[in-house]
Amino acid sequence: MSPPEGAATAPAEAGSPDALLIRRAMAEVGPVADKVTSYFYALLFVRHPDLRSLFPAAMDTQRDRLLRALLTAAEHIDNKEVLVDYLQNLGRGHRKYGTRAEHYPAVGECLIGALSKYAAGVWNAEMEAAWVRAYTTISQVMIDAAAADELRAPAWWYAEIVTHDLRTPDVAVVTIRPDQPYPFLAGQYTSVETPWWPRIWRHYSFASAPRSDGLLSFHVKAVPAGWVSNALVHRARPGDIIRLGPPAGSMTVDHTTDSGLLCLGGGTGIAPIKALVEDVAEHGDRRPVEVFYGARTDHDLYDIDTMLRLQQSHPWLSVRAIIDQQANQQLPDAIRAYGPWNEFDAYLSGPPGMIRSSVDALRDIGIPSDRIRHDSVEELVAAGS
């Protein structure tokens, strides 16, 4: 619930009066974030028990996702351009939970209730009014986006697993067939729910550009205590049915420019990078694409053969494996070692720590922020701050 790690911190005096009041409350509740979260959900479920069914049975997996999203949006209330895009995706995505317009006032009421209790030292009528205005703006953007989306797309798609390829003991490539057309762009991601953990959704990037046969693929790494990832890697089999939310994300190729692509993929983050390469190839572009595939060991380069085959097929593509334990070199070091990258747009996908350090390295060597693309949802908001 704290500000996204790696977010740029605005000077204390910067921002609108409402933004300053919101940040003051955020600073007050930050040290007791867990208590704020628990109290928020307690208020919500006691005052509005009908909303409990929209959430997973085990709330420990939900953690503070909803509350964090709202607070992240409120904290960046002045950053309208990035914020609206973020909230529209959030509003569309919440359709899959069964969220309706009439639910938003209840959430807002409990948000204000939790904040007023744990920011009591600074809370006053002026601060409450600022939060009410911010939440009203936030919720209306989400409601409008959901209403518009309802006219053109389902709230979710059912999809059958058609192949399940276990590449390593903890990484699987899962290919699925949606029950109806699923429009998306290379570089985007979606949310996935398995039948074993109802109402628990996790984000996965598409591992290919749109295909003529309509099939979709994901690279899934089982992580400790990852309910969805472990189910998809160790339990899922061909014939199983999963659900998909709408596509989201802006890490897509701009085909109106001939800039080169500098692509950094760490671990299963290579999946959307592969999709971007396929997208460039399908558009017949001959722009240079430089891929850095980061891994801790050789064992983690589970998709290197695919990437090298693409390199053999496309003379404009270069693929470099950066293995930490061999060269004692991580992706940010490799970026600095090669280049220059002045004529390139950068695309990053992987663990949050890798994204943060790579963004810092790219900025250090002079690539402007508007030419650096990545899709960690909350960091999307931070990137514009």
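Residues numbered from 1 in each chain as written. Predicted model: local features only at pLDDT ≥ 70, side-chain atom pairs only at ≥ 80, totals over all residues. Heavy atoms only, no water.

## Side note on the overall build of the chain
Right, on to step 1. When helices and strands are counted, the chain shows 13 helices and 11 strands.
Right, on to step 2. Taking 385 residues into account, the globule formula puts the C-alpha radius of gyration at 21 Å, and the chain, at 21 Å, falls close to it.
Right, on to step 3. Taken over the C-alpha atoms alone, the chain extends approximately 65 × 50 × 40 Å along its principal axes.
Right, on to step 4. Looking at the 385 residues of the chain, the share that counts as buried comes to 53%. (Helix = DSSP H or I, 4+ residues; strand = E, 2+ residues; numbered from the N terminus. Rg over C-alpha atoms; globule rule 2.2 N^0.38 Å. Buried < 20%, exposed > 50% of the residue type's maximum accessible area, 1.4 Å probe, protein only.)

## Overview of the UniProt feature "domain: FAD-binding FR-type" (unreviewed entry) in the chain
Right, on to step 1. Listed under "domain: FAD-binding FR-type" (unreviewed entry) in the UniProt record, and renumbered for this structure, are residues 154-254.
Right, on to step 2. Between the end C-alpha atoms of residues 154-254 there is a gap of 27 Å, over a span that is 9% helix and 40% strand. (UniProt positions renumbered as here; feature names shortened; annotations may be inferred.)

## Brief notes about the environment of Asp170
Right, on to step 1. Locating Asp170 in the fold gives a position in the loop between β1 (157-168) and β2 (171-178).
Right, on to step 2. The partly exposed category is assigned to Asp170, whose relative accessible area is 25%.
Right, on to step 3. Once the C-alpha coordinates of Asp170 and Asn230 are considered, the two residues, 60 residues apart in sequence, prove to be 8.2 Å apart.
Right, on to step 4. If sequence neighbours within four positions are ignored, Asp170 has contacts with Val220, Lys221, Ala222 and Val233.
Right, on to step 5. Engagement of the side chain of Asp170 in a polar contact is seen with the side chain of Thr168, the distance being 2.8 Å. (Contact = heavy atoms within 4.5 Å. Polar contact = N/O pair within 3.5 Å; in protein donor to acceptor, adjacent residues only side chain to side chain.)

## Examining the side chain of Asn89
Right, on to step 1. Take Asn89: it is sitting in helix α4 (residues 80-93).
Right, on to step 2. Sequence-distant contacts of Asn89, that is, excluding residues within four places in its chain, are made with Ala248 and Gly249.

## Points about the domain arrangement of the chain
How big an interface is tends to be reported as the loss of accessible area on association of its parts.
Right, on to step 1. If you check the domain split of the chain, you get domain 1 (17-151), domain 2 (157-248) and domain 3 (260-384).
Right, on to step 2. In this structure, domain 2 and domain 3 have C-alpha centres spaced 22 Å apart.
Right, on to step 3. Between domain 2 and domain 3, the residue contacts involve 17 residues of the former and 16 residues of the latter.
Right, on to step 4. Taking both partners together, domain 2 and domain 3 bury about 1,400 Å²; carbon and sulfur atoms supply 60% of that area.
Right, on to step 5. Three residues stand out in domain 2 for area buried against domain 3, namely Arg167, Tyr189 and His219, and they jointly supply 33% of the buried area on that side.
Right, on to step 6. Counting across the interface, domain 2 meets domain 3 through one salt bridge.
Right, on to step 7. Across the pair Asp303 and Arg167 runs a salt bridge whose closest N-O atoms are separated by 2.8 Å.
Right, on to step 8. Put simply, domain 2 and domain 3 have five residue pairs in polar contact (both at pLDDT 80 or more) between them.
Right, on to step 9. For the side of domain 2 that touches domain 3, the secondary structure elements donating two or more residues are β1, β4 (201-205) and β5 (216-221).
Right, on to step 10. By residue number, the principal contributor to the side of domain 2 that touches domain 3 is β5, which donates three residues.
Right, on to step 11. For the side of domain 2 that touches domain 3, the residue count by class is nine nonpolar, six polar and two charged. (Domains from an automatic or database assignment. Buried area = accessible area lost by both parts, 1.4 Å probe. Salt bridge = Lys/Arg side-chain N within 4 Å of Asp/Glu carboxyl O. Nonpolar A, V, L, I, M, F, W, Y, C, P; charged D, E, K, R; others polar.)

## With respect to the nonpolar core
Right, on to step 1. Counting 46 residues, the largest nonpolar core has Phe40, Leu44, Leu87, Leu111, Trp123, Trp131 and Ile138 as its most contacted members.
Right, on to step 2. When residues of this core are assigned to their parent elements, the largest contribution, nine residues, is made by helix α6 (residues 125-150).
Right, on to step 3. When sequence neighbours within four positions are dropped, the list of residues in contact with Leu111 reads Phe40, Leu67, Leu71, Trp131 and Tyr135. (Core = buried A, V, L, I, M, F, W, Y, C linked by side-chain atoms within 4.5 Å.)

## Some thoughts on the pairing of strand β7 (residues 260-266)
Right, on to step 1. Within β7, seven of the seven residues are buried, leaving the element largely enclosed by the surrounding structure.
Right, on to step 2. Here β7 shows a buried face lined by Gly260, Leu262, Leu264 and Gly266 and a second buried face lined by Leu261, Cys263 and Gly265.
Right, on to step 3. Relative to strand β10 (residues 344-349), β7 is paired through six bridges, and the arrangement is parallel. Each bridged residue has a counterpart across the sheet, and for Gly260 the counterpart in β10 is Phe344.
Right, on to step 4. Pairing of β7 with strand β8 (residues 289-295) involves six bridges; the strand directions are parallel. (Pairing = 2+ DSSP bridges.)

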